[in-house]
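A closer look at the structure
Here's the letter readout for the chains.
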Amino acid sequence: MHSPTTDATAGATTDPLQRERDHLASSRAALKAMREDVESLDLRDVTGTWVSAAVLQNQIEQRIAALADLAHTPLFFGRLDYLHAISEDLSEGGGGERFYIGRRHVHDADGDPMVIDWRAPVSQPFYRASRKDPMDVEKRRRFGYTGGELTAYEDENLSDPAEADTRSALLAAEIEKPRVGPMRDIVATIQPEQDEIVRADITGTVCVQGAPGTGKTAVGLHRVAYLLYAHRERLARTGTLVIGPNRSFLHYIEQVLPALGELDVAQATVQELVAHVEVRGADSAEAARIKGDARMAEVLRRAVRSGITLPTEPCVVVRGSRRWRVPAYELVEIIEELKGREIRYGAAAEALPQRIAHAVLLKMEQGGEAPDDRVQDAVARNTAVKAAVKACWPPVDPVKLVHRLLGDAEFLAAAADGILTAEEQRTVLWAKPARSAKTAQWSAADAVLVDEAADLVQRTPSLGHVVVDEAQDLSPMQYRAVGRRCSTGSATVLGDLAQGTTPWATASWPEALHHLGKPSAHIEELTQGFRVPDEVIVYASRLLPAIAPGLAPATSVREAPGSLTVTPVADDPTATAAVVDACRAALAHEGSTGLIAADARIPLLADALTAAGLPFLDPGTETTAEARLTLVPASLAKGLEYDYVVLDEPAAVVAGEPDERTGLRRLYVALTRAVSGLHVLHAQPLPPQLG
Ligand SMILES: Nc1ncnc2c1ncn2[C@@H]1O[C@H](COP(=O)(O)OP(=O)(O)OP(=O)(O)O)[C@@H](O)[C@H]1O
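What you are looking at is a predicted structure, and each value in this text was computed from that prediction instead of being measured.

1. Some remarks on the overall build of the chain
Along the chain, the regular secondary structure elements total 28 helices and 21 strands. Expressed as lengths along the three principal axes of its C-alpha atoms, the size of the chain is roughly 105 × 75 × 45 Å. By residue count, 52% of the 691 residues in the chain fall in the buried class. Counting every atom, the chain has about 31000 Å² of accessible surface; 53% of that belongs to carbon and sulfur. Counting 72 positive and 95 negative side-chain charges, the chain places the averaged centre of each group 7 Å from the other.

Written as structure tokens, this is what we have:
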């Protein structure tokens, strides 16, 4: 590999680095020209109504934003020299054999490409080509930047069997870069096994099991960007959604897609998706587990349909001087037929008046009349028909239905008979049912039940693609809620069984995918860790036999000797001086520091930091060069990362959970947040599983 440094004396035509800088300068000029072209568009001649003008104006503004040249974001980060010319459609009209790979497509005044979008097919070998399979690439070049300036490059001559495989210094530098601010994109350094997931076909659902820091979140976000590129129109129509565990996490990742030029991706927590009721209450772990169990789907189905009543009276429709009578047995047949069909309760309720009206029409025809469709519609709206429908197939309000189910023991018993045991029924019933659905103390699990009931009544619209991160913590009923939001689309499911910390955490991916409604999804595993240094991941992996026996420990791409320190401190649970000192020492390094502690110890540590004059942030608040310390309750650490982590009292983190396995899993999450250094301080003995 070759890594020249800047040589200002070299001539522009002979110095290869200067030639690359020239290409950068002309690419930036071309991007500027593209932006100016869009800015100069005059809408007055082309738009019809003010609505279409507003839509077009909005699209133009988005396009201008997407064409911004960000000073610190390299316009291209790689180059591919192909051995042979490439076919026209792969090269986006370029037809040449050298391509610069960047975040977005840039072309010159003749339309010839200067930079190719990393998502284009011709860019794929940048991520996948190897000496074993060079994919017709002669040379792969990576560029290094310092403060927006192109300062170095590195070559791999893939077709040269004599060249030795060495690790890329630019790649290592990119991975080691201090972490201040929100999560960054990884377009320049996506690894082959990650790229396979990023570019997997849109029609299939992919599930990724991956140890901490293997890039699951990064891969999920880049996959969305890729799918939007490859299926822009389809996804613009159907929509895409990224689901994360909480708002702090969503704030942390929210900049990645906009940095990749994708501004239209919705982000939400599962709780936000099912916000039919205001969550004000909490369940016991056991009640939440039962409410999240897939058996509740059948309980709800029965409850929704419990009001269906077979008529014993005929329906008599009076029109003019004549009376038409649909006898009870015919009404029963119609209702039984609708009950047997797999359609939503609400759709059946809409079909029922038409069915009864149709029966009336047949009688009219038998009586010598010649009614048309308008007569059928009029009969369907007849008060007698409406009354019959209301009596046999009463409207269901999902919120009121679940309110009744959880407050009325008899109603629950009827719906749950043979499904939930008497003990389970007692557990899920509200101790003090509220008078009305409005004043009920709804829990998060209740809201998911309401969502299921709502879907039984009216189909939930499906999006084109949904990414669900930290999926191991979802209950079966939550998987169902996510699954109905991609019932006609596909999903990317990301998670780590060893990091499951809910009482209903996923035990197996095939089972979770079944609840999601995507049983034939591919399951991929990522084991190469990018975040956590080797020494730290080896230490944390000691917990694996206790928390997820079947899982292979992650490897680390990064060796950082001395990255782990474990310090016993004085046996005084209120002593915090050592922790404050450790934070101060961590802050002496560049980058971010996270102090992670059991939730119960957060107030004590917050006071200690304040008394010591160390300002700190809450998780989810962006770190900056000035504010680099975050105080993180262990319950919010999932998915986040800091250059340096100070971990306070592991035993308290374990004790903060209802059972030991969950406690050790919480500890595993806390131990795997550090990029450069982890300092563990403990007054109590360490959990024996840490050895
Ligand atoms: N190919 C890559 N090149 C450079 N950095 C990478 C690469 N893949 C992942 N990373 C970095 O590694 C870190 C961890 O990635 P990410 O948060 O996506 O992992 P994760 O598997 O979701 O972790 P967790 O299980 O802890 O949530 C991030 O800083 C990410 O940018």
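2. Regarding the site of the ligand
As a structural note, the neighbourhood of the ligand is formed by 23 residues, with Thr189, Lys216, Arg531, Glu641 and Arg673 the closest of them. The contact in question runs from an oxygen atom of the ligand to an N or O atom on the side chain of Glu641, over 2.4 Å. Here the ligand has 630 Å² of accessible area as a free molecule, and 97% of this is covered by the chains. With three residues, the top contributor of residues to the shell around the ligand is helix H6 (residues 216–230). Residue composition of the shell around the ligand, by class: eight nonpolar, nine polar and six charged. Taken domain by domain, the makeup of the shell around the ligand includes at least three residues from each of domain 2 (201–277 + 459–529) and domain 4 (544–690).

3. Some remarks on the UniProt feature "binding site: ATP" (unreviewed entry) in the chain
Cross-referencing UniProt, the feature "binding site: ATP" (unreviewed entry) maps to Gly210, Ala211, Pro212, Gly213, Thr214, Gly215, Lys216 and Thr217 in the present numbering. Among the secondary structure elements, Gly213 is positioned in the loop between strand E7 (206–210) and H6. With relative accessibility at 11%, the residue Gly213 sits in the buried group. Once you skip the residues sitting within four places of it in the chain, Gly213 turns out to touch Gln528, Gly529, Phe530 and Arg531.

4. A closer look at the environment of Lys339
As for its placement among the helices and strands, Lys339 is situated in helix H13 (residues 328–340). Each C-alpha atom, one on Lys339 and one on Arg305, is 8.8 Å from the other, the two residues being 34 residues apart in sequence. Residues in contact with Lys339, not counting those within four places in the same chain, are Arg305, Ile308 and Trp393.

5. Observations regarding helix H28 (residues 660–671)
Between its first and last C-alpha atoms H28 spans 16 Å; for 12 residues at 1.5 Å apiece the expected length is 16 Å, and the two agree. Taking burial as the measure, the 12 residues of H28 include 10 buried ones, the bulk of the element. For H28, the full list of buried residues reads Thr662, Gly663, Leu664, Arg665, Arg666, Leu667, Tyr668, Val669, Ala670 and Leu671. Along its buried surface, H28 packs onto helix H23 (534–540), helix H24 (544–547), strand E18 (593–597), strand E20 (642–648), helix H27 (650–655) and strand E21 (674–682).

6. Thoughts on the side chain of His23
Inspection of the secondary structure assignment puts His23 in helix H1 (residues 16–39). Taking the relative accessible area as the measure of exposure, His23 reaches 17% and is therefore buried. Separated by 2.9 Å, the side chain of His23 and the backbone oxygen of Met114 make a polar contact. Among residues more than four places away in sequence, those in contact with His23 are Phe76, Tyr100 and Met114.

7. Examining helix H26 (residues 602–611)
For H26, the set of buried residues is Ile602, Leu605, Ala606, Ala608 and Leu609. All buried residues of H26 fall inside an arc of 165° around its axis, so they share one side. Turned more than 90 degrees off the buried face of H26, the exposed positions are Asp607, Thr610 and Ala611. The inward-facing, buried residues of H26 contact helix H25 (577–587), E18, strand E19 (629–633) and E20. In the segment just after H26, Gly613 is the residue with positive phi, at about 75°.

8. Some points on the domain arrangement of the chain
Each domain of the chain was delimited in the assignment, giving domain 1 (16–166), domain 2 (201–277 + 459–529), domain 3 (315–392) and domain 4 (544–690). Taking the mean C-alpha position of each, domain 1 and domain 3 sit 63 Å from one another.

9. Quick word on the packing of helix H20 (residues 444–457) against helix H21 (residues 476–484)
Between H20 and H21, the least distance of the axes is 9 Å, while the angle of their chain directions is 45°. Our classification of the angle between H20 and H21 gives oblique. As for the relative orientation of H20 and H21, their crossing is left-handed in sense. The residues of H21 that touch H20, namely those facing Val448, Leu449, Asp451, Glu452 and Asp455, are Met477, Gln478, Arg480, Ala481 and Arg484.

10. Some details on the packing of aromatic side chains
Taken as a whole and assessed by the stated rule, the structure comprises eight aromatic pairs. On the numbers, 5.2 Å between centres and 70° between planes, the contact of Phe76 with Phe143 is edge-to-face. Linking Phe76 in strand E1 (residues 76–82) with Phe143 in strand E5 (residues 137–146), this pair joins segments that are 67 residues apart in sequence. Relative to Phe126, the ring of Phe77 has its centre 5.8 Å away and its plane inclined at 55°; by these criteria the two rings are tilted. Of this pair, Phe77 sits in strand E1 while Phe126 is found in helix H3 (residues 124–128), placing the two residues 49 residues apart along the sequence. When sorted by exposure, Phe77 lands in the same class as Phe126, which is buried.

11. Things to note about the environment of Leu686
Relative to the assigned elements, Leu686 resides in the segment after E21. In contact with Leu686, not counting residues within four places along its chain, are Tyr539, Val566, Pro650 and Val680.

12. As for the sheet that holds E18
Ordered in space as E17-E21-E20-E18-E19, the five strands form an open sheet in which the pairing is parallel. A single partner strand is all that each edge strand has here, and the edge strands are strand E17 (564–568) and E19. Strand-to-strand twist of the sheet, defined as the mean angle between neighbouring strand axes without regard to direction, takes the value 20°. Sheet topology note: the E17/E21 ladder contains five bridges and is parallel. The residue bridging Pro568 from the neighbouring strand is His682, located in E21. Sheet strands in contact with H28 are E18, E20 and E21, and its direction is about 145° off that of E20.

13. Remarks on the pattern of salt bridges
Within this structure, the stated rule accounts for 39 salt bridges. Arg140 is the salt-bridge partner of Glu156, the closest N and O atoms lying 2.9 Å from each other. With a gap of 16 residues between them, Glu156 in strand E6 (residues 149–157) and Arg140 in strand E5 connect regions that are remote in the sequence. Arg140 sits in the buried class, given a relative accessible area of 6%. Residue Arg295 is joined to Glu424 by a salt bridge in which the shortest nitrogen-to-oxygen separation is 2.8 Å. With Arg295 in helix H12 (residues 295–305) and Glu424 in helix H19 (residues 422–428), this pair connects stretches of sequence that are 129 residues apart.

What counts and how
Within each chain, residues carry numbers counting from 1 in the order of the written sequence. The model is predicted, so local features are restricted to residues of pLDDT at least 70 and side-chain atom pairs to those at 80 or more, both for listing and for counting; the totals for chains, interfaces and linings are taken over all residues. As a rule here, side-chain values cover all heavy atoms of the structure and leave hydrogens and water aside. A run of DSSP states H or I qualifies as a helix once it reaches four residues; a run of E qualifies as a strand once it reaches two. Both are numbered from the N-terminal end. In this scheme, a residue with accessible area under 20% of its type's maximum is buried, one over 50% is exposed, and one in between is partly exposed, where area comes from a 1.4 Å probe on protein chains only. Per-residue and other accessible areas were derived by the Shrake-Rupley procedure at a 1.4 Å probe size, with only the shown protein chains allowed to occlude residues. Neither His nor the chain termini are counted; the positive set is Lys and Arg, and the negative set is Asp and Glu. Just so you know, the charge point we use is NZ for Lys, CZ for Arg, CG for Asp and CD for Glu. Nearness of a residue to a molecule or strand requires only that one of the residue's heavy atoms be within 4 Å of it. For this analysis, a polar contact is any N or O atom pair within 3.5 Å, provided that within protein one partner can donate a hydrogen and the other can accept it, and provided that sequence-adjacent residues contribute only side-chain to side-chain pairs. Ten residue types, Ala, Val, Leu, Ile, Met, Phe, Trp, Tyr, Cys and Pro, are classed as nonpolar, four, Asp, Glu, Lys and Arg, as charged, and the remainder, Gly among them, as polar. In this document the domain limits rely on a domain assignment from an automatic tool or a database. UniProt positions are given in the numbering used here, feature names are shortened, and annotations may be inferred rather than shown by experiment. In this description, contact between two residues means that some pair of their heavy atoms is separated by no more than 4.5 Å. To estimate how far a helix should reach, multiply one less than its number of residues by 1.5 Å. The directions from the helix axis to the C-beta atoms form the arc being described. Between the N-to-C directions of two axes lies an angle of 0 to 180 degrees, each axis being a line fitted to C-alpha atoms and, for a helix, fitted only over the stretch in contact. What sets the label is the angle itself: under 35 degrees gives roughly parallel, over 145 gives roughly antiparallel, 65 to 115 gives roughly perpendicular, and the rest give oblique. Helix crossings are classified by the rotation of the near helix relative to the far one: an anticlockwise turn of less than a right angle makes the crossing left-handed, while a clockwise turn makes it right-handed. Ring pairs are drawn from Phe, Tyr and Trp, using the six-membered ring of Trp, whenever the two centres fall within 6.5 Å, and their geometry is named by plane angle: stacked under 30 degrees, edge-to-face over 60, tilted for the rest. Strand pairing is assigned whenever DSSP detects at least two bridges linking the two strands. Any Lys or Arg side-chain nitrogen located within 4 Å of an Asp or Glu carboxyl oxygen qualifies as a salt bridge.

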